Amino acid sequence: MTTSGFTPAGAPDQAKNIEVDPEGTAKEASTERPESWYSVIWSSKKARVGVITVGIFILVAVFAPLIAPHDPTDSSFTPLMGPSGTNWLGTTTNGQDVASQLVYGTRVSLIVGLFGGLIATVIALVVGMISGYAEGTWLDDVLTFVTNVALVIPVLPLIITLVAYSSTRGVTLIIFVIAITSWAGAARAKRAQIITLRNRDFVTAAKFSGEGTLRIVFREIMPNMTSLVAASFVGAATGAIGAEAGLAVLGLGDNNQVSWGTMLYQSNAQGAIAQGLFIWVFAPGLLLAILITAMCFVNFGVDLLSNPHLRED
Amino acid sequence: MKYFLRKIGFFLLTLWAVVTLNFLIPRLQPGDPAELMVQKLAGKNAQLNLAQVRAMRAMLGTPHGSLWSQYWEYMGHLAHGDFGISYTYFPYKVTDVIGQGLWWTLVLVACTQILSFVIGVMLGAYAAWRRNSRFDSIVTLGSTFVGTLQPFWIALLLLYVFAYSLGWFPTSGGYSQSTPGWNLGFVYDAVSHAFLPAVALMIVTPIGWILGMRNTMIMNLGEDYIRLAKAKGLPDRTVALRYAARNALLPSVTGFALALGGLLGGAILVETAFDYPGLGRLMGEAVANKDYPLLQTLMLLTTTGVLIANLIADLLYGVLDPRARRAER
């Protein structure tokens, strides 16, 4: 099996080989054409499970108002109740419906994952690609230094400090803080990748045809890194979801939004364990783990795209 | 030699960057800590008295003047080990408060980190050696899932089962009535309090080692020197341990130091759940009480700790693997 990500044309004798356009969407695909990106992902059992699970979470988040039995902030129920017909998973100490909070909590996690992952990936791309392309120059030295600094600073203490100082704690701020503190690893990986791509023939050809540096980096080289970028996006999104939960658990979340992290914080702060309200305590953490595991599984599939060696076994 | 000098240079530059960042973070935000403190003491809706604010500012040593003069003043204070006064534990100095919590975290983190490193590396090496076996897939899949669990959540789960339901361990704190000291009663007491937090950390931390070790080991197993060793007819055990594992271990040395940063994050959450009297709980308190001097110092201290660990790992790596000294440009 040949790779699809790095050699768009494929081997000449393989007539079935299809082209993959820069966005990574195959023009045509069926089971006979295993090179298309989604059939590669789909061919892995783990990745399939991951894609389906993440898909379900997305549906739940989008249709939360239809799925949730109640308003998550409505505190008119009898507090401290176990599961019942009206409150499927019981109520909190404030008389809120746990099931509805879980459903709405999906939204915060996915939004933080989507935008946190997106911003972190863009920063990583810009820093990594410029630094790698300019390897050996002062620009590379500066960017590499900044990347290395960002890499060694422990992320959670830094995020906590940054968020603790701000007076408003909206989801936007949390996304932003998480993104600007967690791009370094991915930037380093992209720098390494671009160094291997930089001296390929098609780049040399582009240089001789007089294209500008930015154009070469982002138009010629970047499309060859699609699977790496996708992998780092999923990785960054996963990290962002975990970081949001960690912040919320310490009471630094957005208190106007119900998230799984704020649920954990509330249940712990109000002594849910001592009162035996274990669904309230354990369901949010379990959902977080399931979502993050599913995203790791998706990443297994993305890894298959960039590393054909993994596909063989 | 150049390798070592460059690593030391990077350490010093990074340290400077971190100190400066720590100086800038509070100043990037609007609001005045002295005002906040007066507000807190006077009650939410009370009118702010300017004299009070000024007095508070003098008492807390909160900075004034131009950014440059503040910066020099700040650097001077740091050089003298003066980190200010904690708002939460007023009138104690931040350094005293941290000195109290430091040992709890240090012992907890050191023990769990070393244990999980050993366990993780051994599991990872074995999984790589038996690649694609059942053991391998159980270890890889299992650690992927366990690695996604929130440390805080694991802590709550352990609390629920072993402290509240079974009553085997205390539910919170670092020790009960007995006064701290080196006697058997207190050590037993402290260990029984530390056990569950340690288990919570132990569940999450080996994961990185398992997967990292497995990957490097698999890469090494494909190298020519392994093929040569096998062709020479060396016993499997020798090839696996003396050849592959030994070389695969090297990248983990630097990984070990980098992972400290992540571990601290986990420790903060675990300590908060158990109300364990270490630095993590202090950080939680500092956040809740807007105790900025304490928060800033904790941030600086943890970061510096990770930087030093990193420097040591880098230097050690340079000694252990001569290729590293040459490979970098």
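To be clear, the structure that these remarks concern was listed above.
Figured I'd write up the structure that's included with this text. Just so we're clear, the structure is a prediction, and the values are computed from it rather than from any experiment.

Further remarks concern the overall build of chain B. Across its full length, chain B carries 14 helices and zero strands. Going from N to C terminus, chain B has its helices and strands arranged as α-α-α-α-α-α-α-α-α-α-α-α-α-α. Out of the 329 residues belonging to chain B, those deemed buried represent 46%.

An ideal rise of 1.5 Å per residue puts 21 Å on 15 residues; helix α5 (residues 138–152) of chain A measures up with 21 Å between its terminal C-alpha atoms. For α5(A), the full list of buried residues reads D140(A), L143(A), T144(A), T147(A), N148(A), V149(A) and V152(A). Contacts from the buried residues of α5(A) go to α4 (98–133) and α8 (184–197) of chain A together with α1 (2–28), α11 (236–274) and α13 (292–320) of chain B.

We now examine the interface of chain B and chain A. Interfaces are frequently sized by the accessible area removed from exposure as the parts join. Taken residue by residue, the interface counts 43 residues in chain B and 46 residues in chain A. Of the roughly 4,100 Å² buried at the junction of chain B and chain A (both faces included), carbon and sulfur atoms supply 78%. Across the contact surface, chain B and chain A share zero salt bridges. Between chain B and chain A we count three residue pairs in polar contact (both at pLDDT 80 or more) in total. For the side of chain B that touches chain A, the elements supplying multiple residues, two or more each, are α1, α6 (134–147), α7 (151–165), α11, α12 (279–288) and α13 of chain B.

This part covers unusual backbone geometry. Residue and element names in this part refer to chain B. Its identity is not glycine, yet N132 carries a phi of approximately 65°, on the positive side. Classification of N132 as exposed rests on a relative accessible area of 51%. Phi at D275 is positive, roughly 55°, even though this residue is not glycine. Along the chain, D275 falls in the loop between α11 and α12.

Attention now moves to the side chain of T216(B). Residues and elements named next belong to chain B. Looking at the element boundaries, T216 is found in helix α9 (residues 206–221). According to the relative accessible area criterion, T216 is buried, its value standing at 15%. Polar side-chain contacts of T216 include one of 2.7 Å to the backbone oxygen of G212. Setting aside anything within four residues of it in sequence, one finds T216 in contact with A248 and P251.

It is worth spelling out the pattern of salt bridges at this point. All told, the structure shown has eight salt bridges over all chains when counted by the stated rule. With a closest N to O distance of 3.3 Å, E135(A) and R198(A) form a salt bridge. Residue E135(A) is located in the loop between α4 and α5, and its partner R198(A) is located in the loop between α8 and α9 (201–208); the two are separated by 63 residues in the primary sequence. The exposure class of E135(A) is partly exposed, given its relative accessible area of 28%. Given a relative accessible area of 15%, R198(A) falls into the buried group. The salt bridge partner of R214(B) is D136(B), with a shortest N-O separation of 2.7 Å. In this pair, R214(B) sits in helix α9 while D136(B) sits in helix α6, placing the two residues 78 residues apart along the sequence.

With that settled, the discussion passes to empty space enclosed by the protein. Empty space among the atoms becomes visible once a probe the size of a water molecule is rolled across them. All names here are of chain B. Here the structure, examined in full by the defined rule, presents four cavities of 30 Å³ or more. Taken as a whole, the largest cavity encloses approximately 60 Å³ of empty space. Around the largest cavity, the lining residues are T105, L264, A267, I268, E271, L279, G280, M283, L298 and T302. Looking at the lining of the largest cavity, the elements that each hand over two or more residues are α11, α12 and α13. Take the lining of the largest cavity: its biggest share by element is four residues, from α11.

Rules used in this analysis
- Residues numbered from 1 in each chain as written.
- Chains lettered and ligands numbered in written order.
- Predicted model: local features only at pLDDT ≥ 70, side-chain atom pairs only at ≥ 80, totals over all residues.
- Heavy atoms only, no water.
- Helix = DSSP H or I, 4+ residues; strand = E, 2+ residues; numbered from the N terminus.
- Buried < 20%, exposed > 50% of the residue type's maximum accessible area, 1.4 Å probe, protein only.
- Expected span 1.5 Å × (residues − 1).
- Contact = heavy atoms within 4.5 Å.
- Buried area = accessible area lost by both parts, 1.4 Å probe.
- Salt bridge = Lys/Arg side-chain N within 4 Å of Asp/Glu carboxyl O.
- Polar contact = N/O pair within 3.5 Å; in protein donor to acceptor, adjacent residues only side chain to side chain.
- 1 Å grid on protein atoms, 1.4 Å probe; cavity = no way out; pocket = protein on both sides within 12 Å on 5 of 7 lines; lining within 4 Å.
- Points joined across faces, edges and corners; volume = space filled by probe spheres on them.

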